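Topology and contacts: notes
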Amino acid sequence: MKPVAIIGAGITGLTAAFYLKRKGIPVTVYEASGRVGGVIQSLRQDGWLAEFGPNTLLETSPKIGQLVRDAGLQARRLDPDPKAETRYVVRYQRPIAMPGSPLGFLTTKLFTAGAKLAVLREPFRPRRRDGVEESIAQFVVRRLNQEFLDHAIDALVAGIYAGDPHRLSLTHAFPKLKALEDNYGSLIKGQIFGAGARKRSGEVAKDRAPKFSFDEGLQVLPDTLATRLGDAVKLNTTVTKLTQTADGWRVATSNGESEHSAVIYCGTAFKLAELKMMCGRAALPRSLEIGAAQQHRPTEDKELEPLDLSPFSEIRYPPVASVVLGFRREDVAHPCEGFGMLIPKIEGFKILGTIFSSSLFPNRAPTGHLTLTSYIGGERYPELALLPAEKLVALTCEDLRVLLGVTGKPAFQHCVLYPKAIPQYNVGYGRYRELMNKIENKAAGLFFAGHYRDGVSLGDTIVSGVNIVERVEKHLKITNGRE
Ligand SMILES: Cc1cc2nc3c(=O)[nH]c(=O)nc-3n(C[C@H](O)[C@H](O)[C@H](O)COP(=O)(O)OP(=O)(O)OC[C@H]3O[C@@H](n4cnc5c(N)ncnc54)[C@H](O)[C@@H]3O)c2cc1C
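Residues numbered from 1 in each chain as written. Predicted model: local features only at pLDDT ≥ 70, side-chain atom pairs only at ≥ 80, totals over all residues. Heavy atoms only, no water.

**Observations regarding helix 4 (residues 113-121)**
- Listed as buried for helix 4 are A115, K116, A118 and V119. Buried residues along helix 4 cover an arc of 155° about the axis, so they all sit on one side. Every exposed residue of helix 4 that faces more than 90 degrees away from the buried side is listed here: A113 and L120.
- Residues of helix 4 that are buried make contact with helix 3 (102-107), helix 5 (136-143), helix 6 (146-161) and helix 9 (187-193). (Buried < 20%, exposed > 50% of the residue type's maximum accessible area, 1.4 Å probe, protein only. Helix = DSSP H or I, 4+ residues; strand = E, 2+ residues; numbered from the N terminus. Arc of directions from axis to C-beta. Contact = heavy atoms within 4.5 Å.)

**So, the sheet that holds strand 14 (residues 262-265)**
- Taken in spatial order, the 5 strands make up an open sheet running 10-2-1-14-22, and their pairing is parallel. Two strands close off the open sheet at either side, each with one partner strand: strand 10 (233-234) and strand 22 (446-448).
- Here strand 2 (residues 27-30) runs beside strand 10; their pairing, made up of 2 bridges, is parallel. Bridge pairing in strand 10 places V29 opposite V233.
- Lying on the sheet, helix 1 (residues 11-22) is in contact with strand 1 (4-7), strand 2 and strand 14; it crosses strand 1 at an angle near 160°. (Pairing = 2+ DSSP bridges. Axes fitted to C-alpha atoms, helices over the stretch in contact; angles between N-to-C directions.)

**Focus: the site of the ligand**
- Residues in close proximity to the ligand total 33 residues, the closest being T12, E31, H451, V456 and L458.
- Note that an oxygen atom of the ligand is positioned 3.2 Å from one of the backbone N or O atoms of N55.
- T56 is positioned such that a nitrogen or oxygen atom in its backbone is 3.2 Å from a nitrogen atom of the ligand.
- In isolation the ligand offers 1,000 Å² of accessible surface; the protein chains occlude 89% of this area.
- Broken down by secondary-structure element, the contributors of at least two residues to the shell around the ligand are helix 1 and helix 17 (458-482).
- Broken down by class, the residue content of the shell around the ligand amounts to 15 nonpolar, 16 polar and 2 charged. (Near = heavy atom within 4 Å. Polar contact = N/O pair within 3.5 Å; in protein donor to acceptor, adjacent residues only side chain to side chain. Areas by Shrake-Rupley, 256 points an atom, 1.4 Å probe, with all protein chains shown as cover. Nonpolar A, V, L, I, M, F, W, Y, C, P; charged D, E, K, R; others polar.)

**Overview of the packing of helix 1 against helix 2 (residues 62-70)**
- Where helix 1 meets helix 2, the closest approach of the two axes is 12 Å, and the angle between their N-to-C directions is 65°. Viewed along their axes, helix 1 and helix 2 form a crossing whose handedness is left-handed. Every residue of helix 2 that contacts helix 1 at T15, F18, Y19 and R22 is listed here: Q66, L67 and D70.
- Looking at the contact of helix 1 with helix 2, its residues break down into 3 nonpolar, 2 polar and 2 charged. (Left-handed = near helix turned anticlockwise from the far one by under 90°.)

**Quick word on the pairing of strand 7 (residues 87-91)**
- Judged by how many residues are buried, strand 7 sits mostly within the fold: 4 of 5 residues are covered.
- Note: strand 7 against strand 18 (residues 340-342), 3 bridges, orientation parallel. By the bridge assignment for strand 18, Y88 is matched with M341.
- Summarising the sheet, strand 7 and strand 8 (residues 94-97) pair through 4 bridges and their orientation is antiparallel. Counterpart to V89 in the pairing with strand 8 is I96.

**Description of the sheet that holds strand 11 (residues 239-245)**
- Within the open sheet, the 5 strands sit side by side as 13-12-11-15-16. Their pairing is mixed. Since the sheet does not close on itself, it has two edges, and those belong to strand 13 (256-260) and strand 16 (304-306), each with one partner. Between one strand axis and the next, the sheet turns through 20° on average, direction left out of account.
- Bridge count for strand 11 against strand 12 (residues 248-253) is 6 bridges, and the pairing is antiparallel. Across the sheet, K241 pairs through a bridge with A252, a residue of strand 12.

**Some details on the packing of aromatic side chains**
- Tallied over the entire structure, the rule returns 14 aromatic pairs.
- Summarising the aromatic geometry, the rings of W48 and F412 are spaced 5.2 Å apart at their centres and angled 20° between planes, so their arrangement reads as stacked. Placement of W48 in strand 4 (residues 48-51) and of F412 in strand 21 (residues 412-418) is noted, with a sequence separation of 364 residues between them.
- By relative accessible area, W48 is classed as buried at 5%. (Phe/Tyr/Trp six-rings, centres within 6.5 Å; stacked < 30°, edge-to-face > 60°.)

So, in structure tokens, the structure goes:
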């Protein structure tokens, strides 16, 4: 059997390749850069461990823990210090712990009495029934109030998407919140009455999901999967063109051409827009379920037509700079015990938030020191992410001075710029998802998976990589049956 081509050795592509290989299906993974892991990047240096991309993996689905076990990484898994559960949100220019219980909510200084009343009133607000796609900002103001948007959701959205709540789509970026209103008429009622359904599905809400990493950081996971895949992973190999053939796909790369039984695109949306694609002219619109027997495949090049992938370049990926700083313990007044702090725009700081990295996991800083990982840029201040490293460090130190009482100079500093970091599932994102569905239906044997389709969190991308394997396997069974 010809191998399945997997484009991109980020966590989505590696997960898909790993499980296909375990099923005895040959694979080739093409990666444009010289390393595996995509945006995952851990650096061990002089007793510090810095994470520039994701810091933690949330176990929102049983498939995530299963991958860790299947990859033989259970012994290297690190669960966070239980004391590091507390999350802070900045208000009145200082970090305030987020309440962890209903009583805590009633007594917290994070929200005024007006916001607390808005929560009590939420179950009685009517649900929206006109089918208009809302931004998360519109939804929060409608169901709760402006204060919740400005002082909580704005910060949360910066923490997940580095995004703008006025643009992010409720339907596409926060589908679970939308489902709570659709199914239960209210967020509060949904939290209470939906617990049973969530338990049965095995899914865990993001705010309650266990989080973890590995002894040497998250990079351990892609590195291990790549080792299991051996020379099936081709680094420094950019895929430039896909051509449908009578029995699969021809993949052209910077290093030559190869024939494949199927292709899974696990790259980024902006790189997808640059790909040239030729597929069968007479290909009927169809779903995979119709079966390969009815699918027309081109037998000659003249039967091919180009497919326009340029609309995917419209998907916004704002830049984000990760600023990892290490300090002597005595130079930081705040205990920094907790997960980290989120900062709403209204508070006027430059950084989007900070993770208390060395409080979360052991061995991330030398004895007597701590590591703070801050993010700058996103949709809030895209231009700031592009500043030179010394300016990024200076801006971050100034914010940390006010918020955490950081006084000394950093003992460790390292900045990484992600020029195109996280796709924004803004209002109207359904257009791109529909386009992917249409292309998959037209071009049999081509599949899309990853952060630009199935959710941006690391957990979402792992689940996307696991799920695509089932669809590819089904396709291969149908086509092999035909042969
Ligand atoms: C700064 C930052 C912080 C984050 N923090 C968290 C966090 O704390 N928790 C969390 O859950 N998630 C976090 N995320 C999100 C999460 O890390 C990503 O969504 C996920 O890792 C994306 O994986 P992926 O494999 O889909 O894509 P990517 O990691 O983007 O990998 C895609 C790969 O495809 C390759 N490629 C693209 N086009 C081609 C081509 N034509 N030919 C060959 N190769 C190609 C690219 O070089 C790249 O290596 C963060 C993301 C960023 C940027």
